[in-house]
Amino acid sequence: MRKKLIVANWKMYKTPEQTTAFFDEFLPMVASHDRDEIVVCPPFVDLPVAVEAAEGSNVAIGAQNVHWEKEGAFTGEISAGMLTAIAVTHAIIGHSERRQYFNETDDTVNRKLETALEHGLTPIVCVGEVLEEREAGLTEDVLRRQCMRAFNGISAKKAAKMAVAYEPVWAIGTGKTATPQMAADAHTVIRLEAEKAFGKEFADGLRILYGGSVKPDNASALMAEEEIDGALVGGASLDPKNFTRIVKY
Ligand code: PGA
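Residues numbered from 1 in each chain as written. Predicted model: local features only at pLDDT ≥ 70, side-chain atom pairs only at ≥ 80, totals over all residues. Heavy atoms only, no water.

Draft legend 1. Representation of the site of the ligand in the model. Near the ligand you find 13 residues, and of these K11, H95, E167, G173 and S213 are the closest. Between an oxygen atom of the ligand and a side-chain N or O atom of H95, the distance comes to 2.7 Å. For the ligand, the accessible surface in isolation is 280 Å², of which the surrounding protein chains cover 97%. Considering only residue class, the shell around the ligand consists of four nonpolar, seven polar and two charged. (Near = heavy atom within 4 Å. Polar contact = N/O pair within 3.5 Å; in protein donor to acceptor, adjacent residues only side chain to side chain. Areas by Shrake-Rupley, 256 points an atom, 1.4 Å probe, with all protein chains shown as cover. Nonpolar A, V, L, I, M, F, W, Y, C, P; charged D, E, K, R; others polar.)

Draft legend 2. Focus on the sheet that holds strand β3 (residues 59-63). Taken in spatial order, the eight strands line up as β1-β2-β3-β4-β5-β6-β7-β8 and close into a barrel, and their pairing is parallel. Taking the axes of each pair of neighbouring strands and ignoring which way they run, one obtains an average angle of 25° across the sheet. As defined by bridge partners, strand β4 (residues 90-93) adjoins strand β5 (residues 122-127) across four bridges and the pair is classed as parallel. Directly across from H90, in β5, lies its bridge partner T122. (Pairing = 2+ DSSP bridges. Helix = DSSP H or I, 4+ residues; strand = E, 2+ residues; numbered from the N terminus. Axes fitted to C-alpha atoms, helices over the stretch in contact; angles between N-to-C directions.)

Draft legend 3. Here's a closer look at the pattern of salt bridges. All told, the structure shown has 22 salt bridges when counted by the stated rule. The closest approach of N and O atoms between K70 and E118, which form a salt bridge, is 3.4 Å. A residue pair is termed long-range when its members are at least 10 positions apart, and K70 in the loop between β3 and α3 (80-85) and E118 in helix α5 (residues 106-118) qualify at 48 residues. The exposure class of K70 is exposed, given its relative accessible area of 53%. Across the salt bridge formed by D229 and R191, the nearest N and O atoms sit 2.8 Å from each other. Residue D229 is found in the loop between α11 (219-223) and β8 (230-233), and its partner R191 is found in helix α9 (residues 180-198); the two are separated by 38 residues along the sequence. On the basis of relative accessible area, R191 is assigned to the buried category, the value being 8%. Each of E140, D141, R144, E193 and K196 takes part in a single network of salt bridges with overlapping partners. (Salt bridge = Lys/Arg side-chain N within 4 Å of Asp/Glu carboxyl O. Buried < 20%, exposed > 50% of the residue type's maximum accessible area, 1.4 Å probe, protein only.)

Draft legend 4. Main features of the packing of helix α7 (residues 139-151) against α9. Where α7 contacts α9, the two axes come as close as 9 Å, and the packing angle between them is 35°. Our pair here, α7 against α9, has a crossing hand that is right-handed. Where α7 abuts α9, its residues E140, L143, R144, C147, M148 and F151 lie against A186, V189, I190, E193, A194, K196, A197 and F198. The residue inventory of the contact of α7 with α9, partitioned by class, reads ten nonpolar, no polar and four charged. (Left-handed = near helix turned anticlockwise from the far one by under 90°. Contact = heavy atoms within 4.5 Å.)

As structure tokens, then:
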């Protein structure tokens, strides 16, 4: 059985003060919850207060992005070593908003994945098709390509901690959710691609999360699918009560 991973992606929301307020309310509500793993990914400037607030709790803290180089002249970027230095343990890589607005490519996703793994971070690699691709029947091709390129040159041993998030772009922030069956089908494609890259044993243990308009009222139907190993939650993770209802689906 794969333990499910429930991840909050706050995107560009909340100040450090609002981050502290979130944890003050959220942590007591999930304190005894050990069925699933919980991760919160706030903006970079909120990471120190988030780490401090969550210290000793059952909630881990992740970043929303990470650079592929160890250090250097990369204005505005944050390295994996900087994240681990402040006890951040997870990193989202290749979110569709980064691919769409910040020129993230399959190649940069691959490089970021490799660096994150080298530093002992748990990467959450995002893949997913846009609406035109789904309507043109290209979903499987897109997922295969994104996975193949992301996993390129990485060994199963090195990739051990990695999780993947399937996020159909047309479902993100739109209120449109993939049906549990659509998500499960996509996850099967991703798992097969992981098997090609890393072998069957790795693929059987790989956690594949679903993301895209996960809400308190659809979380349990999604999480009931055997192929769905957790959720990457945007909008509904900003409110501690809503996110708690998702965590406790
Ligand atoms: P959403 O975002 O839950 O607001 O659709 C999900 C994501 O982008 O990770």
